[in-house]
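Tertiary structure, described
Letter by letter, the chains look like this.
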Amino acid sequence: MPRTTGPTPQQVESVMAASRVLVAVAAESVAAVEEAVTLPQLRVLVMASTDQRLSGAAVAAALGVHASNATRTVDKLVAAGYLDRSEDPDDRRLVRLTLTPTGRALVTAVNDHRRDAISRVLDAMDAPAREQLASSMRTFASAAGELTHDPVSAGHT
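The notes below deal with the structure included here. Note that this is a predicted model, so its numbers are computed, not measured. (Residues numbered from 1 in each chain as written. Predicted model: local features only at pLDDT ≥ 70, side-chain atom pairs only at ≥ 80, totals over all residues. Heavy atoms only, no water.)

**What to know about helix α5 (residues 101-123)**
What counts is decided by this rule: A run of DSSP states H or I qualifies as a helix once it reaches four residues; a run of E qualifies as a strand once it reaches two. Both are numbered from the N-terminal end. Expected span of a helix: the number of residues minus one, times 1.5 Å. Burial classification: accessible surface area is computed with a 1.4 Å probe over protein chains only, and a residue below 20% of its type maximum counts as buried, one above 50% as exposed, and the rest as partly exposed. Contacts are assigned to residue pairs with any non-hydrogen atoms lying within 4.5 Å of each other.
Taking 1.5 Å of rise per residue, 23 residues should cover 33 Å, and α5 covers 32 Å from first to last C-alpha, within 8% of that figure. Listed in full, the buried residues belonging to α5 are G103, L106, V107, V110, N111 and A117. Considering only its buried residues, α5 is in contact with α1 (9-31), α2 (39-48) and β2 (91-99).

**What about the environment of S68?**
Tracing the chain through its elements places S68 in helix α4 (residues 67-79). When the C-alpha atoms of S68 and A57 are compared, they prove to be 9.8 Å apart, with 11 residues separating the residues in sequence.

**A few points about the pairing of strand β1 (residues 83-88)**
Convention followed: Between any two strands, pairing holds if DSSP finds at least two bridges.
Where β1 meets β2, 6 bridges bridge the pair, whose relative direction is antiparallel. If you follow R85 over to β2, its bridge partner there is L97. Here β1 folds back onto β2, and the loop between the two strands holds 2 residues.

**Overview of the nonpolar core**
The condition that has to hold: Throughout, nonpolar core names a set of buried Ala, Val, Leu, Ile, Met, Phe, Trp, Tyr and Cys residues whose side chains join them through atoms within 4.5 Å.
Membership of the largest hydrophobic core comes to 22 residues, with the highest contact counts inside it found for V37, L42, L45, V59, L77, L83 and L106. Those elements that place two or more of their residues in this core are α2, α3 (56-63), α4, β2 and α5. In terms of residue count, α2 provides more of this core than any other element does, 5 residues in total. In this view, L42 contacts V30, V33, V37, L106 and V110; residues no more than four positions away in its chain are not counted.

See the structure below:
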């Protein structure tokens with residue numbers, strides 16, 4: 001369907017209100033693990049939880065920091081037992097970063113916290129409203145370039 005006009009101020013404000021709820025949910029889930037990892041470290045762990053290959057250069061780009069800062073962040077996560085670092089079997093010049101079982105458990109705990117909080121909000125809505133919201137959020141995430149796979153069939157990572 002062709003777009004004829006931009007978003008209305010009311011549409012923007014509605015999404016802003018919803019984003020405040022989602023940010024609060026995210027902040028609560030981060031607070032639950034802030035004794036263990038910093039927010040940038042958690043971002044690295046979440047990146048490592050996907051099936052994509054993760055390298056030090058990718059970490060630096062995602063965090064918007066110099067490669068040396070990314071290396072220090074990764075070093076701390078390796079030392080804490082959350083990440084494993086190994087040679088990339090396809091290119092020995094590259095380093096591959098993967099979650100350890102402890103790292104996966106931490107990411108799972110954060111995601112479970114978020115799922116539970118979002119489920120409680122969705123439970124307060126009737127079924128047709130939930131489905132309409134879910135459809136709209138898939139469209140929103142896709143427009144932002146975020147949703148590249150079905151999170152349910154991908155195992156909730």
